[in-house]
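Each chain, written out:
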Amino acid sequence: MQRRLRLRRTVDFDQLRRGGQRWHHPMILLIAGENDLEHSRFGFAASRGFGNATARNRMKRILREIVRSRLSLIEDGWDCLFVARRAANGANFAEVEVAVNQLMKRSNLLKSRSDMRVPEVVK
RNA sequence: CAAGCUGGCCGUGUGGUCGCGGCCUGGUUCGCCAGGUCGAGGAAAGUCCGCACUCCACAAAGCACGGUGCCGGCUAACGGCCGGGCGGGGUAACCCGACGGAAAGUGCAACAGAGAGGUGUAUUGCCGGCUGGAGCUAUGGCUCUUGGCCGGUGAGGGUGAAACGGUGGUGUAAGAGACCACCAGCAGCGGCAGAGAUGCCGCUGGCUCGGCAAACCCCACCGGGAGCAAGGUCAAGCAGAGUGGAUGAUAUGCUGGGUCGUUUGAUUGUGUGAAAACACAGUCGUAACGCUCUGGUAAACUCAUCGGGGUUGCUCGCCCCGACUGACACUCGGGUAGAUCGCGUGAGCGAAUCAGCAAUGGUUCGCCUAGAUAGAUGACCACUGCCCGUGUCUAACACGGGUACAGAAUGCGGCUUACAGGCCAGCUUGAUCU
RNA sequence: GCGGGUGUAGUUCAGUGGUAGAACGUCUCCUUGCCAAGGAGAAGGUCGUGAGUUCGAAUCUCAUCGCCCGCU
């Protein structure tokens, strides 16, 4: 995933955690909020409690790859933060993919081809 | 063949599609794009030691505190490594050891036991003496005693983790290093071998003088503190200071000079005084601090608001003055976010060769090998390597499953811990065959 | 990256070389018509794990694992 599509500043993360809308899944927590850019940006996080360094890095790589593969389907102008939860430790690519799909649908962040309705997110 | 010991090594590979980071080249609408090339480990881990590097502190020495602890060597250094000594374990290959000092001093040893540190103890026991009782008797005594008192003794039994040497003898009422021989151990002196730890030998001594220092401690040696989020450079924003017509003045920052005052040292004079000394005044020196004086230097003729004044009676406009007002612009020093350097040519890797038992070092040749910063190695597919299970008598083969521990963040030397599965070399013991 | 603390009964904690303890909780009995309170008694421990020192270790030493906190 290109670096300009990534969340890279501590300030951005803090803002998102304070003001973002949240969707929960046993494996993953999704936090999203509007930005002023014409593209969306994504961040990936796994706390020390998730597992050791290898497990944390691997989970972030899997999430990054899943999001990258469906970039064209996601609405522009949103900051999204995916937080890996403890239950996801040990999960393989396919299992995580299912979880991400569910969250995407529930959050209405996917572009719909027929109507261009705006996702319902608290401002 | 089986069991084991030691040292070293590997820890899937190939191709395809999509994707990521660094560097180089070219293009660029300066957003990026294209091509090339490189891109995790043996432990990258834990952070237990040691260095380099950076900043801070610092006369020397000592004390305190912490660490290390047989000897010699290697090393940048180490608590690491190599070789050796001693002790312990194993049939052996081999392995393990915080392995200085207990006659420098202070301490500790529960319970049990008679007695637990120095020279002390006596329950049972053994022995002797006196005496009580019983029996026999040839009347002299003899025998028994699980009675009492006094004395000798520490060999035996028993307690304990540990009890002041072991074996044999002499000796004695019974015994004891009381004495003797041999052995073990200790101390002192000497000799030989060795670089040393240490080993071997001899003589003398008292005859035995124990354990714990991962108890305090003593001795020897080592150690300043903090860490790459160290530290350097650039520097939005916010806050601060200054400037905003000219000149002059003032203020501020930086900087140079002078003077004065205070503190302090030297010295002269005068006064008081017997003197020491004190007081006052002057001169010279010394820095530190403070104040004052002075020079240099730095910076937009901005706008708005409010108040006052002027312009022609009013409004607008214009002009002037003022403000604990605000904005804006600029300047200044410090500096946050951020950027950038630190940051990978190094105690580097590979090969050959020389010195050395070895750790290691020297020489020659070749190689350049990650550098991110919410942190780059991922996803999918095909074939394949290895291991396990099932099917089959075995093999081949088929099917199913598994393929670890773990992810660089300043670098390096060690130690420790985790790890599916496997390879190589040398050695030991046992069994069998030739 | 660096520094510090902690681990003992179900819970909260004592114990700093010599038999593992207290409070609360649990269980049994007494008391009561019943419950609570009260009284009596009992059970409950790999002293986080593994080595070592010592005659003897929760305690001393080393290694290791988990948890918590702080600095930047």
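Residues numbered from 1 in each chain as written. Chains lettered and ligands numbered in written order. Predicted model: local features only at pLDDT ≥ 70, side-chain atom pairs only at ≥ 80, totals over all residues. Heavy atoms only, no water.

> Please set out the sheet that holds strand 3 (residues 41-46) residue by residue, giving values where relevant.
Pairing is mixed across the open sheet formed by 4 strands, whose spatial order is 1-2-4-3. Whereas interior strands pair on both sides, the edge strands pair on one side only; in this sheet they are strand 1 (21-24) and strand 3. Strand-to-strand twist in this sheet, taken as the mean axis angle between neighbours without regard to direction, amounts to 20°. Alignment of strand 1 against strand 2 (residues 28-34), held across 4 bridges, turns out to be antiparallel. Among the inter-strand pairings, His24 is bridged to a residue of strand 2, identified as Leu29. Here helix 1 (residues 10-19) sits on the sheet in contact with strand 1, strand 2, strand 3 and strand 4 (78-84), set at roughly 85° to strand 4. Of the strands in this sheet, strand 2, strand 3 and strand 4 touch helix 2 (residues 53-69), which is tilted by about 155° from strand 3. (Pairing = 2+ DSSP bridges. Helix = DSSP H or I, 4+ residues; strand = E, 2+ residues; numbered from the N terminus. Axes fitted to C-alpha atoms, helices over the stretch in contact; angles between N-to-C directions. Contact = heavy atoms within 4.5 Å.)

> So what about the packing of aromatic side chains? Which residues, and what values?
This structure, assessed with the given rule, holds 1 aromatic pair. For the ring pair Phe44 and Phe82, a centre distance of 5.7 Å and an interplane angle of 15° mean the geometry is stacked. With Phe44 in strand 3 and Phe82 in strand 4, the pair connects residues that are 38 residues apart, well separated along the chain. By relative accessible area, which is 8% here, Phe44 ends up buried. Phe82 sits in the buried class, given a relative accessible area of 1%. (Phe/Tyr/Trp six-rings, centres within 6.5 Å; stacked < 30°, edge-to-face > 60°. Buried < 20%, exposed > 50% of the residue type's maximum accessible area, 1.4 Å probe, protein only.)

> I'd like a rundown of the confidence of the model for chain A, residues and numbers included.
Of the residues in chain A, 90% reach a pLDDT of 70 or more, and the chain-wide mean stands at 80. Low pLDDT (under 50) marks residues 113-123, which in the prediction has 11 contacts with non-local residues, meaning those over four places away or in another chain. Taken together, the chains of this predicted complex give a pTM of 0.71 and an interface ipTM of 0.78. (pLDDT = per-residue confidence, 0-100.)

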